[in-house]
Amino acid sequence: MTASLASGPPDGTSPAIDVIAVPEGKTVKNRLHFDLRADGVTTSEELERLLALGARRKDVGQRPDVSWVVLGDPEGNEFCLLSRSVQDLARE
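Residues numbered from 1 in each chain as written. Predicted model: local features only at pLDDT ≥ 70, side-chain atom pairs only at ≥ 80, totals over all residues. Heavy atoms only, no water.

Considering the sheet that holds strand S6 (residues 78-82)
Ordered by their spatial adjacency, four strands build an open sheet running S3-S6-S5-S4, and the pairing between neighbours is mixed. Looking at the sheet topology across the chains shown, the edges are occupied by strand S3 (34-37) and strand S4 (56-57). Across two bridges, the pairing between S4 and strand S5 (residues 68-72) is antiparallel. In the sheet register, Arg-57 faces S5, and the bridge partner there is Leu-71. Packing against the sheet, helix H1 (residues 43-52) makes contact with S4, S5 and S6, and its axis sits at approximately 155 degrees to S6. (Pairing = 2+ DSSP bridges. Helix = DSSP H or I, 4+ residues; strand = E, 2+ residues; numbered from the N terminus. Contact = heavy atoms within 4.5 Å. Axes fitted to C-alpha atoms, helices over the stretch in contact; angles between N-to-C directions.)

A look at the confidence of the model for the protein chain
With 75% of its residues at a pLDDT of 70 or more, the protein chain has an overall mean of 78. The element-level mean pLDDT for the protein chain is lowest in strand S1 (residues 4-7), coming to 50, with S4 highest at 94. Of the regions scoring below 50 in pLDDT, residues 1-5 engages in eight contacts with residues more than four places distant in sequence or in other chains. (pLDDT = per-residue confidence, 0-100.)

A few points about the pattern of salt bridges
Scanning all chains against the criterion turns up three salt bridges. Put simply, Glu-78 and Lys-58 hold a salt bridge, and the shortest N to O gap is 3.1 Å. Here the residue Glu-78 occupies a position in strand S6, and Lys-58 occupies one in the loop between S4 and S5, the gap between them amounting to 20 residues. For Lys-58, a relative accessible area of 27% puts it in the partly exposed group. With its nearest N and O atoms 3.0 Å apart, the salt bridge here joins Arg-63 to Asp-65. (Salt bridge = Lys/Arg side-chain N within 4 Å of Asp/Glu carboxyl O. Buried < 20%, exposed > 50% of the residue type's maximum accessible area, 1.4 Å probe, protein only.)

Here's the deal with the nonpolar core
Membership of the largest hydrophobic core is limited to seven residues, which are Leu-47, Leu-50, Ala-55, Val-69, Leu-71, Phe-79 and Leu-81. Of all the secondary-structure elements, those providing two or more residues to this core are H1, S5 and S6. Apart from the residues within four sequence positions on either side, Leu-71 is in contact with Leu-47, Leu-50, Leu-51, Ala-55, Arg-56, Arg-57, Lys-58, Asn-77, Glu-78, Phe-79 and Leu-81. (Core = buried A, V, L, I, M, F, W, Y, C linked by side-chain atoms within 4.5 Å.)

The following block contains the structure:
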């Protein structure tokens, strides 16, 4: 099965990310970790969208008061949904 997902603005003004499924399963720790931020929708709306697409909440030892949600894709690859950007957190 080949599936892909492209992420980026439709007008091509910023870099895009292509995610392509591979037949092999996850066997080691991720070498790349994505931190995503919802733009144009609330964080809770984006969380619901990601969960509906097959993401699952993950516990990787994060404290309960962190400002992000740790998720895993259907194969267990971890990523985070940020409620604020790193720049916003630095200003606070």
